[in-house]
Amino acid sequence: MVRLVLFLLGVLLLASGLAWLADRPGNLLITWEGYEIETSVFRAIVILAVLIGAAIFIWSLLRQIWSSPAIISQRLSRRRQQRGLDALSSGMIAIGAGDRSTATRYAIQARRSLPNEPMTHLLRAQAAQLSGDRATARRIFEAMLASPDTEQLGLRGLFLEAKREGEPEAARQFADRAARLNPRLAWPLEAQFEMQCKAADWAAAAETVAVAKRNGHLERDVADRRRALMLAAQAQALEESNADKALAMATEAHTLAPDLIPSAAVAGRILASRGQTAKAAKIIQRTWSQSPHPDLAAAYAYARIGDSTHDRLDRIKQLALLKPYDVESGVAWATAAIEAREFRVARHALQPFLKEKLTRRVARLMARIETEEKGDAGRAREWIARAATAARDPVWTADAMILDAWAPISPVTGTLDAVEWRAPVTVLDEDGETSTTEGEHLMAVDYIGDGADDEPKTIEAKVVTASDDVAKSAAAERPHAPDDPGAEGEMLVPEVRTTRTAPPT
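Keep in mind that what you see is a predicted model, and the values were worked out from it rather than measured.

How should I be thinking about the nonpolar core in this particular structure?
Nonpolar side chains tend toward joint burial in soluble globular proteins. Formed by 81 residues in total, the largest nonpolar core has its most connected members in Ile316, Leu350 and Val362. Among all residues touching Val362, those that are not within four sequence positions of it are Val327, Val331, Leu350, Phe353 and Leu354. Counting 17 residues, the second-largest nonpolar core is a separate cluster that includes Ala137, Ile140, Ala178 and Ala191.

Pasting the structure below:
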């Protein structure tokens with residue numbers, strides 16, 4: 001609308017000007033080189049306008065002819081660039097789809113059209129990796145290091161290639177260089193942290209976690225969990241040699257991750273040895289309420305030096321009531337009761353776990369109770385036999401491997417916080433024998449007395465068959481509390497062969 005108004009105003013002004021000239025006739029005389037040109041002013045202005053228009057037209061034509069090679073070159077360049085972009089797009093799609101031949105073809109086309117484009121280098125490298133040509137991929141990534149625009153991309157590619165080929169030192173160097181080049185990159189910090197954990201360089205790993213947290217690569221809870229694990233590992237290693245430092249590290253780790261068992265156990269033991277019973281109890285109780293464990297129960301039971309067995313029983317009872325539905329509470333309570341010769345209390349503590357929640361430790365404790373209280377070898381043998389098919393007790397395990405003690409990283413993969421306190425998975429093999437995916441077969445062996453003599457008898461129980469009901473009953477959960485007595489279950493093993501070795505006469 002504005003353009004139309006301006007156009008009409010221009011036409012109006014031009015018409016007004018021409019009318020003004022027409023109303024004022026006059027003659028124009030030009031004398032030059034003996035020639036005289038006489039015309040009207042109106043005609044002279046019209047001729048001048050025509051000459052100016054002709055000059056502009058001729059100048060535009062000559063300029064178009066002069067610049068035509070550059071225009072043709074620009075058009076060809078734009079077409080080549082468009083073909084290159086199409087090749088890059090199609091090549092990336094082929095890479096994602098795993099189409100090796102198509103990705104290679106488009107990589108070649110992109111190299112012809114856009115030889116200096118960073119995305120072309122990336123497409124060529126990924127096409128080479130998809131084709132299994134590692135040497136070509138490394139050569140392309142190494143060429144990227146020469147340009148500041150592609151240096152970070154090249155370092156990332158070389159790092160991944162070094163990891164695939166099992167060259168940790170080369171991978172570490174590439175990660176260190178990338179971290180120096182751009183500290184805000186996440187992947188080199190994560191790679192450095194992983195390698196530092198595998199090397200047990202906890203001080204360097206803690207600094208890496210701090211840098212990652214500062215740059216926003218880690219959430220606060222994740223960073224605190226990692227720091228707690230590293231502090232717990234150091235505290236566990238320094239407990240015997242440097243108790244002061246171990247206590248400081250264990251206390252900080254407990255503050256960052258209250259459910260972390262090793263730090264609470266270390267702090268509890270050191271504080272108890274120094275007579276700080278209240279502090280030790282507070283730390284252990286806080287962790288026990290989230291993650292019950294035998295090490296915590298032992299540290300809590302012996303938190304006060306010089307306590308009698310009945311004193312320890314009273315203390316463990318208080319701890320067990322913090323987590324009454326957990327089997328660790330029942331086992332800890334029953335163990336303390338057996339040591340105090342309070343067998344009725346021990347039976348009461350184990351009562352909720354004798355059916356659906358029966359584990360091998362519970363069965364063995366029942367065998368111990370039968371032996372020490374009544375000297376009943378027959379009942380003890382029954383409990384030992386039931387232990388052979390009962391649910392496995394929790395152990396420290398990581399990546400299908402059972403460990404003797406907690407470790408901050410998995411000994412198989414080196415992954416941080418992969419060690420868990422849980423029961424191994426038990427399955428049935430082809431012959432119906434009980435087997436496990438983690439560790440060896442468990443042979444139930446215990447030493448009991450029958451009251452006739454004081455010599456030990458070895459009871460060996462071997463499972464012959466096990467039904468599906470056994471596995472189901474071992475995995476089921478029933479919300480019993482230790483204060484809720486229940487009847488003892490029937491024997492879970494259909495057939496048991498026992499061998500008794502009598503003492504020499």
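Would you mind going over the pattern of salt bridges with me for this structure?
A pair can form between side chains of opposite charge whenever their charged atoms are brought close. This structure, assessed with the given rule, holds 25 salt bridges. Between Glu194 and Lys198 there is a salt bridge, and its shortest N-O distance comes to 3.4 Å. Here the residue Glu194 and the residue Lys198 both occupy positions in helix 8 (residues 186-198), the gap between them amounting to four residues, near one helical turn. According to the relative accessible area criterion, Lys198 is partly exposed, its value standing at 48%. A single salt-bridge network, built from bridges that share partners, covers Arg134, Glu161 and Arg164.

When you look at the sheet that holds strand 5 (residues 420-422) in this model, what are you seeing that I'm missing?
Through backbone hydrogen bonds, the strands of a sheet pair up, either in parallel or in antiparallel fashion. The three strands lie next to each other as 4-3-5, forming an open sheet whose pairing is antiparallel. In this open sheet, the two edge strands, each paired with only one partner strand, are strand 4 (401-403) and strand 5. Neighbour-to-neighbour, the strand axes of this sheet turn through a mean angle of 50 degrees, independent of strand direction. Sheet topology note: the strand 3 (residues 395-398)/strand 4 ladder contains three bridges and is antiparallel. Each residue of the ladder has a partner; that of Trp396, found in strand 4, is Leu403.

What should I look at first to understand the side chain of Ser329 in this one?
By the element assignment, Ser329 lies in helix 16 (residues 327-339). Leaving out residues up to four positions away in the same chain, Ser329 has contacts with Trp288, Ala320, Lys323 and Pro324.

The rules we used
Residue indices begin from 1 for each chain and proceed along its sequence in written order. For a predicted model such as this one, the threshold for reporting local features is a pLDDT of at least 70, and the threshold for listing and counting side-chain atom pairs is 80 or more; totals across whole chains, interfaces and linings nevertheless cover every residue. Based on all heavy atoms of the structure, the side-chain values leave hydrogens and waters out of the count. Take the buried Ala, Val, Leu, Ile, Met, Phe, Trp, Tyr and Cys residues and link them wherever side-chain atoms come within 4.5 Å; each set so joined is a nonpolar core. Classification of residues uses two cut-offs on accessible area relative to the type maximum, computed with a 1.4 Å probe and protein chains only: under 20% is buried, over 50% is exposed, and between them is partly exposed. Should any heavy atoms of two residues lie within 4.5 Å, those residues are considered in contact. What makes a salt bridge here is a side-chain nitrogen of Lys or Arg within 4 Å of a carboxyl oxygen of Asp or Glu, nothing more. Strands here are runs of E lasting at least two residues and helices are runs of H or I lasting at least four, both read from the DSSP assignment and numbered beginning at the N terminus. At least two DSSP bridges between two strands are needed for those strands to be called paired. To obtain each axis, a line is fitted to C-alpha atoms, and for helices this fit is confined to the stretch in contact; angles are then taken between N-to-C directions over 0 to 180 degrees.

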